[in-house]
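This is what each chain is made of:
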Amino acid sequence: GALASLSSDPVTDVVADGALLYATTGGALQPVDGAGVPVGDVHVASTGSLRVLDASEPATLRELANVSLPGSGGALRVKKAGQTLYVAGSQGVSLIDVAQPALASLKDMIFIAGGAADIAVVDELLLVADETGIESYRLGEVSEPLFVGRRALPAGATALAVLGDDIVASTGDGTLEVIDARS
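This is a predicted model, so every value here is computed, not measured.

Draft legend 1. Region of the structure containing the side chain of Ser-49. The residue Ser-49 is located in strand S5 (residues 48-54) in this model. Separated by 2.9 Å, the side chains of Ser-49 and Thr-25 make a polar contact.

Draft legend 2. Inspection of the nonpolar core at higher detail. Core analysis: the largest hydrophobic core is formed by 15 residues, its most contacted members being Tyr-22, Leu-50, Leu-85, Val-87, Ile-96 and Ala-104. Every element with two or more residues in this core is listed here: strand S2 (20-25), S5, strand S6 (62-69), strand S7 (75-81) and strand S8 (84-89). For this core, the element with the most residues is S6, which contributes three residues. Look past the residues within four positions of Ile-96 in its chain and what remains in contact with it is Leu-50, Val-67, Leu-69, Gln-83, Thr-84, Leu-85, Val-87, Ala-104, Ser-105 and Leu-106. If you look at the next biggest cluster of nonpolar residues, it comprises twelve residues, including Leu-95, Ile-110, Ile-112 and Leu-126.

Draft legend 3. Fine view of the packing of aromatic side chains. Applying the stated criterion across every chain yields a total of one aromatic pair. Ring plane angle 70° and centroid distance 5.6 Å describe the contact between Tyr-137 and Phe-147, whose orientation is recorded as edge-to-face. Linking Tyr-137 in strand S13 (residues 133-138) with Phe-147 in strand S14 (residues 146-152), this pair joins segments that are ten residues apart in sequence. The exposure class of Phe-147 is partly exposed, given its relative accessible area of 45%.

Draft legend 4. Examining unusual backbone geometry more closely. Located in the positive-phi region is Asp-123, a residue other than glycine, with phi close to 50°. Among the residues examined, Asp-123 registers a relative accessible area of 69% and is labelled exposed.

Draft legend 5. Structural context of the environment of Leu-176. Here Leu-176 lies in strand S17 (residues 176-180). Sequence separation between Leu-176 and Glu-63 is 113 residues; the distance between their C-alpha atoms is 37 Å. Dropping the residues within four chain positions of it, Leu-176 is found in contact with Val-168, Ala-169 and Ser-170.

Draft legend 6. Layout of the environment of Ala-116. Within the element layout of this structure, Ala-116 appears in the loop between strand S10 (105-111) and strand S11 (118-122). Since its relative accessible area comes to 2%, Ala-116 is described here as buried. For the pair Ala-116 and Ala-157, spaced 41 residues apart in sequence, the C-alpha to C-alpha distance is 9.2 Å. If sequence neighbours within four positions are ignored, Ala-116 has contacts with Leu-76, Ala-88, Gly-89, Gly-92, Val-93, Val-128 and Ala-129.

Draft legend 7. Empty space enclosed by the protein, seen in detail. With the rule as written, the count across this model stands at one cavity of 30 Å³ or more. By volume, the largest cavity is sized at about 60 Å³. Lining the largest cavity we find Leu-69, Pro-70, Gly-74, Ala-75, Val-87, Ala-88, Gly-89, Ser-90, Gln-91, Gly-92, Ser-94 and Met-109. Breaking the lining of the largest cavity down by element, the ones donating at least two residues are S8 and strand S9 (92-97). By residue number, the principal contributor to the lining of the largest cavity is S8, which donates three residues. Within the lining of the largest cavity, the residues separate by chemical class into six nonpolar, six polar and no charged.

Cut-off values and rules
- Residues numbered from 1 in each chain as written.
- Predicted model: local features only at pLDDT ≥ 70, side-chain atom pairs only at ≥ 80, totals over all residues.
- Heavy atoms only, no water.
- Helix = DSSP H or I, 4+ residues; strand = E, 2+ residues; numbered from the N terminus.
- Polar contact = N/O pair within 3.5 Å; in protein donor to acceptor, adjacent residues only side chain to side chain.
- Core = buried A, V, L, I, M, F, W, Y, C linked by side-chain atoms within 4.5 Å.
- Buried < 20%, exposed > 50% of the residue type's maximum accessible area, 1.4 Å probe, protein only.
- Contact = heavy atoms within 4.5 Å.
- Phe/Tyr/Trp six-rings, centres within 6.5 Å; stacked < 30°, edge-to-face > 60°.
- 1 Å grid on protein atoms, 1.4 Å probe; cavity = no way out; pocket = protein on both sides within 12 Å on 5 of 7 lines; lining within 4 Å.
- Points joined across faces, edges and corners; volume = space filled by probe spheres on them.
- Nonpolar A, V, L, I, M, F, W, Y, C, P; charged D, E, K, R; others polar.

This is the structure we're talking about:
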């Protein structure tokens, strides 16, 4: 059985950092029985949030902070770089300051029409998958992310991974594309 449990809206992604867990909520959840058979109604979250959890005592998860995210539909993915969490969601990318995890707060937002499906952070570069392709932003040069380019994909991008100097994108038509990140 579980060591600990914590009631929540549907959790869409989790990042572990030492004894801290950063969990994004939103989306939909279909309850299932022990055999995996759907039961009851689908639970759909009307909003999303980022929950900061203390897991230093695995038998007791304790919430330190809960940051509401803009828009409906919730969050999809979370990545951590330095003292910032990047959260892809229905309005774009939320930047959450977690320098002091118990005081986590929304510090900036990159609004993207149609929302952000996934994100990747590599060194000082933020990559965002959306319904039209991949957007890239430079981090750390100015106080907010600086847009540097877009790679259009006919079916949009739904998921991202970085493989050396390449970006692997899953597209809306079910294909994987390997793209040279330097071009």
